[in-house]
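# Secondary and tertiary structure notes
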Amino acid sequence: MARPAHGHALVTVFEGRVLDAWFPSPALGSPSGDEAWMGGGDLGDQAGPVPARGVVLEHRHVEIDLDAAPASTEDAYLRLHLLSHRLVQPNTINLDGIFAALPIVAWTNAGAVDPDWAASHRVQLQRAGIQVQLVDRFPRMTDFVLPDGVRIGDASRIRLGAHLAPGTVVMHEGFVNFNAGTLGTSMVEGRISQGVVVGDGTDIGGGASIMGTLSGGGKERVQLGSRVLLGANAGVGISIGDDSVVEAGLYVTAGTKVTLVPSGETVKAVELSGTPGLLFRRNSVSGAVEVVARDGRGVELNALLH
């Protein structure tokens, strides 16, 4: 294998089909000695049928190649765990075709359930105190991984596969998709889409949005640098360089025409993608989007909050 990874998992199986896999301690590299057959803590003791959910739990050891596409549901779940355990960063492993490897699951407060089984066993689930919380291919990160040093206001808005660096605060309206997240201390009150990474000391304001590549068909991976302020209800479709600010309410896409101040030259915003030390603002009189060079460091986060 070019880049191996492995882990012991507790796998949820419904009628021979894997619904999910929990890897308490995933690892990079190849297993040493008899690690593939031994270890896994008490996962083997937890294996067995779970009649309340109509599933069987199995203890398995999984080995994968991070440069190859996901080959199974367990393979896909190991990749998502590696991201949320911060063992790999977003956009550094192969996730091609991951949607096909992840079944749609009824996620409950007791674990994964097949959606059709849940619909036909509604009374049984209710009597057992089991509630369906969402139906999706991706579960909540916190149902599988609890990274240290982070705060999360609403766990349902953080998908497994999100990468949250220590010191990150995700407020209640913040959202972080899989294969995306923060690389340092950050305040997240807006949306971090799939494939987007946010640098250290950056503040994503309430309602702000960063364009990803899943729905729009784009290929460019958007990044926010360090000490960036993305104002409330702002949005970007280009990378924003270190120590830059995007004014509240301003949406800057690759094709947005911007005026450079003071030269008056007009360019497409994509030509400034990743350039540090810029202020993107809208002229309140003319309505033109302007870009002004900034001096010094960007936003300073309140250390007491992180």
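Residues numbered from 1 in each chain as written. Predicted model: local features only at pLDDT ≥ 70, side-chain atom pairs only at ≥ 80, totals over all residues. Heavy atoms only, no water.

As recorded by an unreviewed UniProt entry, the protein chain carries the name 2,3,4,5-tetrahydropyridine-2,6-dicarboxylate N-succinyltransferase and is attributed to Agrococcus jenensis.

### Some points on the pattern of salt bridges
Here the structure, examined in full by the defined rule, presents 10 salt bridges. The partner of Asp75 in a salt bridge is Arg79, and the shortest N-O contact between them spans 2.5 Å. In this pair, Asp75 and Arg79 are both assigned in helix H2 (residues 73-84), four residues apart and thus about one turn of the helix distant. Across the pair, exposure class does not vary: Asp75 and Arg79 are buried alike. One salt bridge in this structure joins Asp148 and Arg86, with 2.6 Å as the shortest N-O distance. You can see Asp148 sitting in the loop between strand S8 (132-136) and strand S9 (151-152) and its partner Arg86 sitting in the loop between H2 and helix H3 (98-101), a full 62 residues away along the chain. On the accessibility criterion, Asp148 (54% relative accessible area) is exposed. (Salt bridge = Lys/Arg side-chain N within 4 Å of Asp/Glu carboxyl O. Helix = DSSP H or I, 4+ residues; strand = E, 2+ residues; numbered from the N terminus. Buried < 20%, exposed > 50% of the residue type's maximum accessible area, 1.4 Å probe, protein only.)

### Looking at the UniProt feature "binding site: Mg(2+)" (unreviewed entry) in the protein chain
Mapped onto the present numbering, the UniProt feature "binding site: Mg(2+)" (unreviewed entry) falls on Glu173. Mapped onto the elements of the fold, Glu173 is located in the loop between strand S11 (169-170) and strand S12 (175-176). If near-sequence neighbours (up to four positions away) are discounted, Glu173 is found in contact with Arg157, Glu189 and Gly190. (UniProt positions renumbered as here; feature names shortened; annotations may be inferred. Contact = heavy atoms within 4.5 Å.)

### A short note on the pairing of strand S2 (residues 17-22)
Examined bridge by bridge, strand S1 (residues 4-14) and S2 share five bridges and lie antiparallel to one another. Residue pairing for S2: Val13 is matched across the bridge by Val18. Counting the residues in the hairpin turn of S1 and S2 gives two residues, including Glu15, whose phi is positive at 50 degrees. (Pairing = 2+ DSSP bridges.)

### Concerning the sheet that holds strand S19 (residues 223-224)
Taken in spatial order, the four strands of this open sheet run S10-S13-S16-S19, and their pairing is parallel. On the outer flanks of this sheet lie strand S10 (162-163) and S19, each paired with one strand and no other. Pairing analysis gives two bridges linking S10 to strand S13 (residues 180-182), with the strands arranged parallel. Bridged to Ala162 within S13 is Ala180.

### Considerations on the sheet that holds strand S22 (residues 245-246)
Strand pairing in a sheet is mediated by backbone hydrogen bonds. Such pairs are either parallel or antiparallel. The strand order across the open sheet built from 10 strands is S9-S11-S14-S17-S20-S22-S26-S27-S24-S25, with neighbouring strands paired in mixed fashion. Edge strands, defined here as strands with exactly one partner in the open sheet, are S9 and strand S25 (266-268). For strand S17 (residues 202-204) and strand S20 (residues 229-230), the ladder comprises two bridges, and the chain directions are parallel. Looking across to S20, one finds that Ile204 is bridged to Leu230.

### Section: the UniProt feature "binding site: succinyl-CoA" (unreviewed entry) in the protein chain
As recorded in UniProt, the feature "binding site: succinyl-CoA" (unreviewed entry) lies at Arg191, Gly206, Ser209, Ala232, Glu247, Ala248, Gly255, Lys268, Arg281, Arg282, Asn283 and Ser284. Spanning 94 residues, the named residues are also spread out in space, since their farthest C-alpha pair is 26.1 Å apart. Ignoring anything within four residues of it in the chain, the contact list for Ala248 reads Gly231 and Ala232. Within the secondary structure, Gly255 is located in the loop between strand S23 (251-252) and strand S24 (257-261). A relative accessible area of 45% places Gly255 in the partly exposed class.

### Structural notes on the packing of aromatic side chains
One pass over the structure, following the stated rule, counts five aromatic pairs. With a centroid separation of 5.9 Å and 80 degrees between ring planes, the pair formed by Phe99 and Phe178 is classed as edge-to-face. Linking Phe99 in helix H3 with Phe178 in the loop between S12 and S13, this pair joins segments that are 79 residues apart in sequence. We classify Phe178 as buried; its relative accessible area is 2%. With centroids separated by 4.4 Å and ring planes inclined at 20 degrees, the aromatic side chains of Phe138 and Phe178 adopt a geometry described as stacked. Within this pair, whereas Phe138 is found in the loop between S8 and S9, its partner Phe178 is found in the loop between S12 and S13, the two being separated by 40 residues in sequence. For the pair Phe138 and Phe178, one class covers both residues: buried. Following the ring pairs from residue to residue traces out a cluster consisting of Tyr77, Trp107 and Phe144. (Phe/Tyr/Trp six-rings, centres within 6.5 Å; stacked < 30°, edge-to-face > 60°.)

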